[in-house]
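A structural walkthrough
Given next are the chains, with one letter for each unit.
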Amino acid sequence: MTSQDPGGASRLPQERRVVTEIPGPRSRELQERRLAAVPPGVGSVLPVYVTDADGGVVVDADGNSLIDFGSGIAVTSVGNANPRVAARVKAQADRFTHTCFMVAPYESYVRVCENLNRITPGDHEKRSFLVNSGAEAVENAVKIARYATGRQAVVVFDHGYHGRTLLTMTLTAKSMPYKHGFGPYAPEVYRMPLAYPFRWPTGPENCGPEAAAMAVDQIGKQIGATNVAAVVIEPIQGEGGFIEPAPGFLPAIAEFCRENGILFIADEVQTGFARTGHLFACEHEGIVPDIVTTAKGIAGGMPLAAVTGRAEIMDVVHGGGLGGTYGGNPLACEAALAVLEEIEEGKLTERARAIGETMLPRLRALAGRHRSIGDVRGRGAMIAIELVKEGTTEPDPMLTLEIARRCHARGLLVLTAGTYGNVLRFLPPLVIPDHLLAEGLDVIEEAFAG
Ligand SMILES: *Cc1c(COP(=O)(O)O)cnc(C)c1O
């Protein structure tokens with residue numbers, strides 16, 4: 001194993017092992033109990049009940065060992081049960097589990113914020129504060145933007161996903177399952193076209209500038225730029241299907257914001273923390289956001305999220321205006337400190353790029369053999385394929401579910417995504433050993449073969 005192959009020191013064997021049907025009898029039993037105890041509104045991609053996980057594998061109650069191409073939705077980027085994260089959380093649990101930072105503070109919270117201020121894009125003076133979930137981070141970013149600008153309108157984009165609270169589900173584009181039946185939605189949220197290269201009517205070459213011009217025109221006409229507090233955008237749309245906005249789109253929107261006193265909020269909840277081959281996806285096009293929201297990969301699975309922004313924006317809110325009982329919980333802060341050390345010492349941004357360089361050519365070759373793969377895209381370890389009716393751009397969500405099912409049955413945990421439900425997305429832990437990554441790709445090829 002190479003030094004870029006950190007699975008060598010794993011606690012559990014880094015292997016795919018399928019010993020029962022998936023889900024197996026024990027998982028099916030647990031699923032029965034769950035259906036009687038948990039409402040069906042809470043879904044699971046693959047109802048195998050997990051008993052253990054490590055590095056790039058997840059082990060279920062029947063003893064199956066699945067290759068993990070999901071990382072709990074881009075969360076366990078430093079590996080399932082990362083030893084440094086586990087040790088720091090345990091040590092902290094023995095000292096104190098909670099004081100509430102708003103009651104009596106502790107150093108680890110401050111250190112996490114110092115780290116965020118240092119590593120997020122831009123070398124301006126910043127401030128950060130901590131909350132529990134990505135939705136809570138986005139919601140706070142909007143609160144601060146409205147306060148700081150004295151404006152109300154918020155601009156979001158097609159295919160965007162920002163969470164499930166009242167405000168963030170309003171910011172989210174897709175009705176089913178995120179919004180359907182849950183209205184009325186929050187006011188003063190406006191949606192604009194996104195530069196989606198694969199689906200742009202005049203072709204991918206024109207997509208960036210045309211989509212930006214449309215968005216700018218509509219903002220001016222429908223809202224009035226001086227009424228807009230903030231634009232909220234994911235630098236790569238996550239739940240929307242790993243859409244990389246066409247080149248030039250994000251810089252044009254950022255420039256428009258700068259010219260009009262609109263705050264540019266980058267929702268890096270899914271793209272952050274080395275996932276795309278940079279610490280933050282905004283760096284791919286040199287974007288410096290006014291506010292960045294982070295969560296998911298920040299703390300190796302402990303619930304933590306953050307809002308980081310320009311000091312002069314963040315400092316306007318009155319004392320006591322921001323916070324929450326659990327925000328920046330000490331166990332989660334210790335985990336976040338461990339995660340950043342793992343990313344920096346393990347060179348995980350480089351590792352993410354290497355994962356992309358392994359996956360993209362193999363998936364492109366697969367697309368050459370299967371005309372149902374309309375697009376292969378992504379950056380670093382955030383890679384997707386979009387499935388269509390052969391030879392068209394018509395989405396094929398049924399085939400997508402079928403391929404995911406075949407992968408699951410063979411012991412590969414993959415996720416779906418996309419506005420049309422026709423995207424298979426791959427988010428392996430950045431520490432996945434090379435042999436498991438290759439085997440996961442073998443499984444995807446087999447799934448397409450039948
Ligand atoms: C997951 C996600 C959120 C919501 O985060 P939660 O922790 O589930 O509330 C917000 N924005 C993006 C881009 C996400 O991927």
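Within every chain, residues take consecutive numbers counted from 1 along the sequence as written. Thresholds applied to this predicted model are a pLDDT of at least 70 for local features of residues and 80 or more for the giving and counting of side-chain atom pairs; totals over whole chains, interfaces and linings are not thresholded and use all residues. Heavy atoms from the whole structure form the basis of all side-chain values; hydrogens and water molecules are not counted.

By the naming in an unreviewed UniProt entry, the protein is (S)-3-amino-2-methylpropionate transaminase, taken from Actinomadura graeca. The annotation that UniProt attaches to the protein under Cofactor (unreviewed entry) is "pyridoxal 5'-phosphate". According to UniProt, the comment filed for the protein under the heading Sequence similarities (unreviewed entry) is "Belongs to the class-III pyridoxal-phosphate-dependent aminotransferase family." UniProt positions are given in the numbering used here, feature names are shortened, and annotations may be inferred rather than shown by experiment.

Attention now moves to the packing of aromatic side chains. A pair of Phe, Tyr and Trp rings is counted when the ring centres sit within 6.5 Å of each other, with Trp represented by its six-membered ring. The angle between the planes then sorts it: under 30 degrees is stacked, over 60 is edge-to-face, the rest tilted. All chains considered together, the criterion is met by 8 aromatic pairs. Taken together, a centroid distance of 5.7 Å and an interplanar angle of 65° make the contact between Phe 96 and Tyr 106 edge-to-face. In this pair, Phe 96 is assigned in the loop between helix H3 (83-95) and helix H4 (107-119) and Tyr 106 in the loop between H3 and H4, connecting sequence segments 10 residues apart. Chaining the aromatic ring pairs together yields one cluster made of Phe 96, Phe 101, Tyr 106 and Tyr 109. Note on geometry: a ring has a charge over it if NZ (lysine) or CZ (arginine) is within 6 Å of the ring centre and within 35 degrees of the ring normal. Across the ring face of Tyr 185, the terminal group of Lys 179 is positioned such that the distance to the ring centre comes to 5.3 Å. To qualify as a helix, a DSSP run of H or I must reach at least 4 residues; to qualify as a strand, a run of E must reach at least 2; elements of each kind are numbered from the N terminus.

Bringing H3 into the picture now. Helical periodicity: at 3.6 residues per turn, an α-helix aligns residues three or four positions apart in one direction. End to end, H3 covers 19 Å across 13 residues, agreeing with the expected 18 Å (1.5 Å per residue, within 8%). For every residue, the accessible area obtained with a 1.4 Å probe (protein chains only) is divided by the maximum for its type, and the residue is called buried under 20%, exposed over 50%, and partly exposed between those limits. Turning to H3, its buried residues are Val 85, Val 89 and Gln 92. Angularly, the buried residues of H3 cover 65° about the axis, an arc narrow enough to put them on a single face. Residues of H3 that are exposed and point over 90 degrees away from its buried face: Pro 83, Lys 90 and Asp 94. Contact between two residues is taken to exist if any of their heavy atoms lie within 4.5 Å; hydrogens are not considered. Considering only its buried residues, H3 is in contact with helix H10 (330-345). Polar contact is defined as a pair of N or O atoms within 3.5 Å, subject to the rule that within protein one atom must be able to donate a hydrogen and the other to accept it, and that residues adjacent in sequence are counted only when both atoms are side-chain atoms. The opening residue of H3 is Asn 82, an N-cap whose side-chain oxygen sits 2.9 Å from the backbone nitrogen of Arg 84. Multiplying 1.5 Å by the residue count of a helix minus one yields the expected span of that helix. This arc is taken over the directions from the axis of the helix to the C-beta atoms.

As a further point, take the nonpolar core. Within the largest apolar cluster, 91 residues are counted, with the highest numbers of intra-cluster contacts made by Phe 69, Leu 130, Met 359, Leu 363, Ile 385, Phe 426 and Ile 444. A total of 10 residues in this core trace back to one element, the largest contributor, which is H10. Two domains each donate at least three residues to this core, and these are domain 1 (25-69 + 347-449) and domain 2 (86-345). We call a set of buried Ala, Val, Leu, Ile, Met, Phe, Trp, Tyr and Cys residues a nonpolar core when their side-chain atoms join them within 4.5 Å. Counting residues in hydrophobic clusters, the runner-up holds 33 residues, among them Ala 211, Ile 223, Ala 254 and Cys 282. Those domain boundaries reflect an automatic or database domain assignment.

Any two strands between which DSSP finds at least two bridges are classified as paired. Taken in spatial order, the 4 strands make up an open sheet running S11-S12-S15-S14, and their pairing is antiparallel. The open sheet is flanked by strand S11 (373-379) and strand S14 (415-417), the only strands paired with a single partner. Here the average twist between neighbouring strands, direction ignored, is 25°. In this sheet, strand S15 (residues 423-426) lies alongside S14 in antiparallel orientation, the contact comprising 3 bridges. Bridge pairing in S15 places Leu 415 opposite Arg 425. As a rule, the C-alpha atoms of each element are fitted with a line to give its axis, helices using only the stretch in contact, and angles between N-to-C directions run from 0 to 180 degrees.

This part is about the side chain of His 162. With respect to the helices and strands, the residue His 162 is situated in the loop between strand S5 (153-157) and helix H6 (166-171). Among the polar contacts made by the side chain of His 162, one reaches the side chain of Asp 267 at a distance of 2.8 Å. In contact with His 162, not counting residues within four places along its chain, are Ala 135, Val 138, Val 156, Thr 168, Leu 171, Thr 172, Val 232, Ile 233, Glu 234 and Asp 267.

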